[in-house]
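Overview (structure and organization)
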Protein chains: 2
Amino acid sequence: MKEFTVRFDLGDKAVQVPSGTLLSEAAQLAGIDVNQPCGGQGRCGRCAVQILDGTVRRRSTLRLTTEDVALGYALACQTVVEGDVDVHVPAQEKIERRLTTDLTVAEVRVPSDYLFSADQSIRRVKLNLSEPNMDDQTDDLSRLLTALRQQVGLAPVTVSLATLRKLGGILREGQWEVTALLDTGTEVGEDLQPARLIDLLPGLVADIEPIWGAAIDIGTTTVTVWLVDLVSGQVRAQASEYNGQISRGEDVISRIVYAGKNSGDEELRQLVLATINSLIERVSQRAGEQAQDLSGRTVKAVVAGNSTMIHLLLGIPAASIRLSPFITAVNQPPLLTAQEVGIDIHPEATVDCLPGIASYVGADITAGVHASGMDLSEKITLFMDVGTNGEIVLGSEEWLVACACSAGPAFEGAGVANGMRATRGAIEEVWINNNDLEPNYRVIGGAKPAGICGSGLISLLAEMFITGIIDKAGNFNLHLETPRIREGAQGPEYVLAWKDETQTGKDIAITRVDVDNLLRTKGAIYAGYNVLAESVGVSMEMIEQMLIGGSFGKYINIEKAIQIGLLPDLPWDHFQFLGNTSVRGAYYALLDRKSRERITEIASKMTYIELSADNRFYDAFMSALFLPHTDLSKFPSVNGMFAG
Amino acid sequence: MKEFTVRFDLGDKAVQVPSGTLLSEAAQLAGIDVNQPCGGQGRCGRCAVQILDGTVRRRSTLRLTTEDVALGYALACQTVVEGDVDVHVPAQEKIERRLTTDLTVAEVRVPSDYLFSADQSIRRVKLNLSEPNMDDQTDDLSRLLTALRQQVGLAPVTVSLATLRKLGGILREGQWEVTALLDTGTEVGEDLQPARLIDLLPGLVADIEPIWGAAIDIGTTTVTVWLVDLVSGQVRAQASEYNGQISRGEDVISRIVYAGKNSGDEELRQLVLATINSLIERVSQRAGEQAQDLSGRTVKAVVAGNSTMIHLLLGIPAASIRLSPFITAVNQPPLLTAQEVGIDIHPEATVDCLPGIASYVGADITAGVHASGMDLSEKITLFMDVGTNGEIVLGSEEWLVACACSAGPAFEGAGVANGMRATRGAIEEVWINNNDLEPNYRVIGGAKPAGICGSGLISLLAEMFITGIIDKAGNFNLHLETPRIREGAQGPEYVLAWKDETQTGKDIAITRVDVDNLLRTKGAIYAGYNVLAESVGVSMEMIEQMLIGGSFGKYINIEKAIQIGLLPDLPWDHFQFLGNTSVRGAYYALLDRKSRERITEIASKMTYIELSADNRFYDAFMSALFLPHTDLSKFPSVNGMFAG
């Protein structure tokens, strides 16, 4: 097949590719990241590049104007090479790697009854072995296993080939005194895994030396790692970052599509591993350890995440998740080692991926339900995780039902022009003056603002609605007397911060497109919990508590969340914001076998209700695309406010 | 550090090395194999090379004459580079890769009661899974595990990440009909390993499709592979070859020394894997299968071999085997997968290394004892494996004691100038005319002779002794009237075949050095079984049967083996030659769980007696360095012959 040269930005980044190669593939070959939030389906228009010279064929120009095409613009994911080409990749389309400043270590309370030696599957035991001699020529492994049985009561214990290879050296280096790091087994599904030797250290290691574990939450948008001292149970450091896969699709569907093309699955696996491993390096530094030292001492990781994220992490094809009847390859992965998974901690560390229950209700939710405690409560509880997917669980200690309503990542700060995660520099709360429409805001960390996080967006949307900047359908009122409402590149917008007040030196505004995005997100969530409740015959009034997980920011204003119709109009004392419940559930499972077993129980007890085939969901969603809702009687407190 | 150029044979094979590099290391870097039978200790003199030009420093010139050194010869393993050097590697010192023609498929009898479905740990089960739908969204793995539990009664079953990755594709390709290949578990040591899914195939595979297993015997000198159809139990092909490690040391001690230097352990591991994998390719071809197809269907391997061979195969340091108190790292390795070990069969195939009992009594012996059946016999039995090490077991169904007497590889055809394995072209029996001292011999396969195998050497030694060519101390009688006795390069020798009768076009002779070698080997074996019997209070007369393993050739002449003092002077009907008992034991263990359990029992029952610290052994050895022995009263039948 004929080969052509594709040159980028008139520079030296040129690649040879066969005729018919997609420009997006050529860019990747050349080491240039081109945004593909829709997974390369030609839907989002975010991968537009400019053809300076040469012959290409455009399969689709959706999202490009006639003028764009005249200027040479083409969608990289929809355009194939048919001759030598010079391509310009617009700067704003190169992947924006956001630098985020994480919050300080969370003040996570260690369960008061936590006892390393009793609750933890990880054990560190000191062994005195008898030295071999001509009258006792027992082999090294049997000598070790006998000591484990006699001195610690553990048998059988499996030993990997890697450990066998260093066994003899360590026994002799330690002069027959050694410290064994073991995983004594975890009940996964119905099976108890046998005890396993993770590592063997020469000599008797002091009790004060730390042993580390990692609780990992892989969100579609954000990945979070907590570094835990397993002996004390304390979280010693935490860090979050956007999931590196985000440039290959903003939601799980786009990711699955991307994974199905060429070696997209391996690429996505490497991207999320890179994110996890850089977070592990970051928490190591924060805990004051050399990354390498800490890796060797981190002997267990518990992973929560939605089913697609877990499949992609493990390199398991996720295609069947996307297609009816929406089947996962695995809800409860077996215990693996860090080496098998590719996580840069001790290669023999146990990696325990928590159980999900369905394609769209994954381990993030079973972990979240556990963290929320709703499964031990007598109260009828509604639990929502407002992440990218928007999973909802209803129930109590006696029963649990769950559904998912693909809500999009708006409240995680993605998919909104000036959105960002709830970290330093994020606007987290907004007030707008009724008279002059001038805003006031609070920024996380007190810094100059860089963007708006989830709680800020809720707050802003409610304020704009209350002050009449937008109407109930999200239309901007362009007749109001303020320079802050203006016609922008993407249609009408409201400027929340002028460029001279911001970190970025650019105006921070919210646009009509952003508002529509937020309306769809809150509409999907509203529709989800309503249909879920309806399908089990529970009315909204019967709900006794509402627990909300997700990283909106610290100061969620319940009143405002109700005003926009995101949350049901219940008494304010019914609500509780729990933050990242997924990582918290993983943390509990990391610490404590009983917690791990409870998550297994939650998974087996929970009934999944499929909304995608449910017309009621579609109807409810359409009705909820308004502020707060087409039917104001569902929001008497908001209705009353207008009446007042 | 200063670097110099080492050039070999004035050709283009030149390497840059730092000052002080050993010539043997430089040669290896240049891809030139230099013989190091003694493991690079400067003991054997086989790595001599000629320095044509340049500066080197000889650490030792042991085995070189003053004249050799004057001609520029140096021991590659003892000579370091101190300037640019031109080196000549004499052709005869390059590694001799013997081309061997293996025997035809052994007529191994399948145990008459063998039943695949009952005896085999491997199972092939056909599963009909219900197709998922919106009312049954069970994940693929649970669906499979449920079918295994409900349709086959197997639970728990472990599934590897590799299999998980292809699970969904295979279920759908087979339209929810699949064939599972499982290992239902083997009792290894005290622990029963759980059932494990090895592979999953789309559709219902026909019962007549073969499933393969491999029985592997790793000898210090020779590696043997049997390819077994697990369904019928039949051995479909076999092949043997010298162990590729042989160029790095002829006995286990030299190998251990070599393994301890630089990355010698990894090199030895790769060498034996290359041998095993080439044998697997060869048996595939013989079974009429494409190597690749067969690899994928070969789901189990059972490995026997002495403890050093097993350690080196698995990359486990063997150093402690060599040093008092002679400790193995592991006598019973855990079950591994072919991928972990590096054997080119199905990557998820089970690799079961049989248990040894001590540094010098390994799995070859436990397997051999099982194959011999002595552990189920009421008779007091002496079992010998005349391999490189010469292990001996004495006992019955009630007790077993074992020892090892490092005998050397003479009867495996190594360490003797014209020695070879018992394959096509080997002289396997010899008669010498009492009057004219002309020989008669039989060659395996009826071809022209290429060398002499173990049985031929026993026969030849006895004939030379009986006809007076050599005396009881092995001295040649140079006064006899025959051109066949002559002074050769290595001292006196007897020509068994003139060059015009041979395959090689060279005389086949046995030298004084060979005779001494054979005397030491037979002396060590004799001393071994005598001291072993003595140490448990059994006299030679009490021995009711004598079973002999090892690949001497087909026609061992017991009379002649007694005449040279290799075997004790017992009635001829007490003796039985069993061939390669080690691979046969591995074959039984491969087929049948009960056999595997019996080998575990044998290992736990057998008592090891250490001879190396026993003065009686040294005394017995010295007395046995004669034909048949210093004390002729121990060999009345031989003594009587002379008297007559």
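Source: prediction; values computed, not measured. Just so you know, the residues in each chain are numbered from 1, in the order the chain's sequence is written. Here the convention is simple: chains get letters from A, ligands get numbers from 1, in the order in which they are written. The model is predicted, so local features are restricted to residues of pLDDT at least 70 and side-chain atom pairs to those at 80 or more, both for listing and for counting; the totals for chains, interfaces and linings are taken over all residues. Side-chain numbers here rest on the full set of heavy atoms in the structure, without hydrogens or water.

1. A word on the overall build of chain A
Stated formally: Helix and strand assignments come from DSSP, with helices taken as H or I runs of at least 4 residues and strands as E runs of at least 2, each series counted from the N terminus. Only the C-alpha atoms count toward the radius of gyration. The rule for a globule is 2.2 Å times the residue count to the power 0.38. To sort residues, take the accessible area from a 1.4 Å probe on protein chains only and compare it with the maximum for the residue type: under 20% means buried, over 50% means exposed, and anything in between is partly exposed. Only heavy atoms enter the contact rule, under which two residues are in contact if any of them lie within 4.5 Å. Where accessible areas are quoted, they stem from the Shrake-Rupley method and a 1.4 Å probe; at the residue level, only the protein chains shown are allowed to cover. Counting rule for charge: Lys and Arg are taken as positive, Asp and Glu as negative, and neither His nor the chain ends is counted. The atom standing in for a charge is NZ when the residue is Lys, CZ when it is Arg, CG when it is Asp and CD when it is Glu.
Counting secondary structure elements, chain A contains 19 helices and 29 strands. Here the C-alpha atoms of chain A give a radius of gyration of 27 Å, agreeing with the 26 Å that 2.2 N^0.38 yields for 644 residues. Across its three principal axes, chain A shows a C-alpha extent of roughly 100 × 70 × 50 Å. Residue burial in chain A is summarised as follows: out of 644 residues, 61% are buried. Of the contacts formed within chain A by residues at least 6 apart in sequence, a portion of 68% connects residues at least 24 apart. Put simply, chain A shows about 25,100 Å² of open surface, and 48% of that area lies on carbon and sulfur atoms. A distance of 3 Å separates the average location of the 55 positive side-chain charges in chain A from that of its 81 negative side-chain charges.

2. Let's talk about the sheet that holds strand 29 (residues 607-608) of chain B
The strands making up a sheet are joined through hydrogen bonds of the backbone, oriented either antiparallel or parallel. All names here are of chain B. The condition is simple: Paired strands, in this sense, are two strands between which DSSP finds at least two bridges. The angle between two axes is taken between their N-to-C directions and runs from 0 to 180 degrees, where each axis is a line fitted to C-alpha atoms and a helix contributes only its stretch in contact.
In space, the six strands of this open sheet follow the order 28-27-18-19-20-29, with mixed pairing throughout. Of all the strands in the sheet, the pair left with one neighbour each is strand 28 (575-579) and strand 29. Where strand 27 (residues 545-549) lies against strand 28, four bridges are found, and the strand directions are parallel. By the bridge assignment, M546 is partnered in strand 28 with F575. Most of the contacts of helix 14 (residues 512-535) go to strand 19 (residues 391-395), to which it runs at about 30°, and overall it touches strand 18 (381-385), strand 19 and strand 20 (400-404). Across the sheet, helix 16 (residues 581-591) lies against strand 18, strand 27 and strand 28, angled at about 65° from strand 28, the strand it touches most.

3. Let's talk about the nonpolar core
Where we set the bar: What is meant by a nonpolar core is a set of buried Ala, Val, Leu, Ile, Met, Phe, Trp, Tyr and Cys residues, joined one to another through side-chain atoms within 4.5 Å.
Judged by nonpolar contacts, the single largest core of 85 residues is most densely connected at I343 and M606 of chain A together with L127 of chain B. Among the elements that line this core, the one with the most residues is helix 7 (residues 264-286) of chain A, at eight residues. Apart from residues lying up to four places away in sequence, L127 of chain B is in contact with L144, A147, L148, Q151, V152, W176, E177, V178, A180 and L204 of chain B. With 83 residues, the next largest nonpolar core counts A214, V272, A329 and F383 of chain B among its residues.

4. Quick look at the packing of helix 14 of chain B against helix 18 (residues 615-623) of chain B
Residues and elements named next belong to chain B. This is how the line gets drawn: Reported orientations rely on four angle classes, namely roughly parallel under 35 degrees, roughly antiparallel over 145, roughly perpendicular from 65 to 115, and oblique for the rest. Here a crossing is called left-handed whenever its near helix is offset anticlockwise from the far helix by less than a right angle, and right-handed whenever the offset is clockwise. By the convention adopted, Pro, Cys, Tyr, Trp, Phe, Met, Ile, Leu, Val and Ala count as nonpolar, Lys, Arg, Asp and Glu as charged, and the other residues, Gly among them, as polar.
Where helix 14 meets helix 18, the axes come as close as 8 Å, and the angle between the chain directions of the two elements is 135°. Put simply, helix 14 runs oblique to helix 18. Remark: the crossing between helix 14 and helix 18 carries right-handed chirality. Facing R520, G523, A524, A527, G528, V531, E534 and S535 of helix 14, the residues of helix 18 in contact are R616, F617, A620 and F621. In terms of residue class, the contact of helix 14 with helix 18 is made up of six nonpolar, three polar and three charged.

5. Section: the interface of chain B and chain A
To keep things clear, this is the line we draw: The buried area of a pairing is the accessible area, by a 1.4 Å probe, that goes missing from both parts when the two are put together, added over both. Throughout this description, the term salt bridge denotes a Lys or Arg side-chain nitrogen within 4 Å of a carboxyl oxygen of Asp or Glu. Whenever a nitrogen or oxygen atom comes within 3.5 Å of another N or O atom, the pair is scored as a polar contact, on the condition that within protein one atom can donate a hydrogen and the other can accept it, and that pairs from neighbouring residues in sequence are kept only if both atoms are in side chains.
With 41 residues of chain B at the contact, the number on the chain A side is 41 residues. Here chain B packs against chain A, burying approximately 3,200 Å² in sum over the two surfaces, 60% of which is carbon and sulfur. The tally of links between chain B and chain A comes to zero salt bridges. Across the contact surface, chain B and chain A share 14 residue pairs in polar contact (both at pLDDT 80 or more). If you list the elements that add at least two residues to the side of chain B that touches chain A, you get helix 4 (140-152) and helix 5 (161-173) of chain B. Top element by residues in the side of chain B that touches chain A is helix 5 of chain B. It accounts for five residues.

6. Some words on the sheet that holds strand 5 (residues 79-88) of chain B
All names here are of chain B. Across the sheet, which stays open at both edges, the five strands sit in the order 2-1-5-3-4 with mixed pairing between neighbours. Edge positions in the open sheet fall to strand 2 (14-18) and strand 4 (73-75), since each of these has one partner strand only. Going across the sheet, the axis of each strand differs from the next one's by a mean of 45°, ignoring polarity. Pairing geometry for strand 1 (residues 3-8) and strand 5, over three bridges, is parallel. Across the sheet, R7 pairs through a bridge with D86, a residue of strand 5.

7. Side note on the domain arrangement of chain A
Inclusion rule: An automatic or database domain assignment provides the domain bounds reported here.
Split by domain assignment, chain A resolves into domain 1 (3-88), domain 2 (105-202), domain 3 (212-363), domain 4 (365-409 + 519-642) and domain 5 (412-512). Of note, the centres of domain 1 of chain A and domain 4 of chain A, computed from C-alpha atoms alone, are 42 Å apart.

8. Describing the confidence of the model for chain A
How we decide: Residue-level confidence of the predictor is summarised by pLDDT, bounded by 0 at the bottom and 100 at the top.
On average, residues of chain A score 89 in pLDDT, and 93% of them are at 70 or above. Note on residues 92-105 of chain A: pLDDT is under 50 here. Beyond four places in sequence and across chains, it has 38 contacts.

9. Quick notes on the relation of the copies chain B and chain A
To keep it simple, the criterion reads: The copies are overlaid by a least-squares fit using only the C-alpha atoms of residues whose pLDDT is at least 70 in both copies.
Rotating chain B by 180° and translating it 0.0 Å along the rotation axis places it on chain A, where the RMSD comes to 0.1 Å. The superposition operator between the copies reduces to a two-fold rotation axis. Considering only C-alpha atoms, the residue of chain B closest to the rotation axis is P194 of chain B, which sits at 4.9 Å. When you check the interface residues of chain B against chain A, 100% turn up at the interface there too, and the contact is symmetric in its surfaces.

10. Describing the side chain of Q50 of chain A
Residues and elements named next belong to chain A. Secondary-structure assignment places Q50 in strand 3 (residues 48-58). You can call Q50 buried: its relative accessible area is 18%. Setting aside chain neighbours within four positions, we find Q50 in contact with L71, G72, Y73, D86, V87 and H88.

11. Let's talk about the environment of N128 of chain A
Relative to the elements of secondary structure, N128 of chain A occurs in strand 6 (residues 122-128). Once residues within four sequence positions are removed from consideration, N128 of chain A is found in contact with Q151, W176 and E177 of chain A.

12. Things to note about helix 13 (residues 454-466) of chain A
Helical geometry: 3.6 residues make up each α-helical turn, so side chains three or four residues apart lie on a common side. Residue and element names in this part refer to chain A. Our working rule: By this rule the span expected of a helix is its residue count minus one, scaled by 1.5 Å.
In this model helix 13 runs 18 Å from its N-terminal to its C-terminal C-alpha over 13 residues, within 8% of the 18 Å that 1.5 Å per residue would give. The element helix 13 is extensively covered by neighbouring structure, given that 12 of its 13 residues are classed as buried. Of the positions making up helix 13, those classed as buried are G454, S455, G456, L457, I458, S459, L460, L461, A462, E463, M464 and F465. One or two residues past the end of helix 13 sits G468, with phi positive at roughly 80°.

13. Let's talk about the packing of aromatic side chains
All names here are of chain A. Cut-off, in case you're wondering: Pairing of aromatic rings covers Phe, Tyr and Trp, the last counted by its six-membered ring, and requires centre-to-centre distances within 6.5 Å; plane angles under 30 degrees mean stacked, over 60 mean edge-to-face, and any other angle means tilted. Sitting over a ring, as applied to charges here, requires NZ of Lys or CZ of Arg to be within 6 Å of the ring centre and within 35 degrees of the ring normal.
Within the structure shown, the criterion is met by 12 aromatic pairs over all chains. Plain terms: the ring middles of Y587 and Y588 are 5.5 Å apart, the flat faces sit at 45° to each other, and that makes the pair tilted. With respect to burial, Y587 and Y588 carry one shared label: buried. An aromatic cluster of at least three residues, connected via ring pairs, comprises W226, Y587 and Y588. Across the ring face of Y242, the terminal group of R421 is positioned such that the distance to the ring centre comes to 5.4 Å.

14. Observations concerning unusual backbone geometry
It is generally the case that most residues other than glycine have a negative phi and that most peptide bonds are trans. Residue and element names in this part refer to chain A. For the bond running from S324 to P325, omega is 5°, close enough to zero to count as cis. Its place among the elements puts P325 in the loop between helix 10 (319-322) and strand 16 (336-337). The residue W176 is not glycine, and still its phi comes out positive at about 70°. Using a relative accessible area of 7% as the deciding quantity, one classes W176 as buried.

15. Focus on helix 18 of chain B
Residues and elements named next belong to chain B. Here is the rule: An arc is given here, and it is the one of the directions from the helix axis to the C-beta atoms.
All of the buried residues along helix 18 are F617, A620 and F621. Seen end-on, helix 18 carries its buried residues on one side only, within an arc spanning 100°. Projecting away from the buried face of helix 18 at angles above 90 degrees are the exposed residues N615 and Y618. Its buried side turned inward, helix 18 meets helix 14.

16. With respect to the environment of T350 of chain B
All names here are of chain B. Position of T350 among the secondary structure elements: in strand 17 (residues 350-353). Its relative accessible area of 2% is what places T350 among the buried residues. Among residues more than four places away in sequence, those in contact with T350 are D183, R196, I198, V299, K300, A301, L335 and L336.

17. Overview of the pairing of strand 27 of chain B
Residue and element names in this part refer to chain B. The buried fraction of strand 27 is high, at five of five residues. Residues of strand 27 alternate between two faces, with Q545, L547 and G549 on one and M546 and I548 on the opposite face, all of them buried. Inspection of the sheet shows strand 18 paired to strand 27 by five bridges, in the parallel sense. Looking across to strand 27, one finds that T381 is bridged to Q545.

18. Some details on the pattern of salt bridges
Residue and element names in this part refer to chain A. Going through the model one piece at a time under the given rule, you end up with 48 salt bridges over all chains. With a shortest N-O distance of 3.4 Å, K594 and D119 are connected by a salt bridge. In this pair, K594 sits in helix 17 (residues 593-605) while D119 sits in helix 3 (residues 116-119), placing the two residues 475 residues apart along the sequence. A residue is classified by how much of its surface remains accessible, and K594, at 52% relative accessible area, is exposed. Taken together, the shared-partner salt bridges in this structure form one network comprising D119, D592 and K594.

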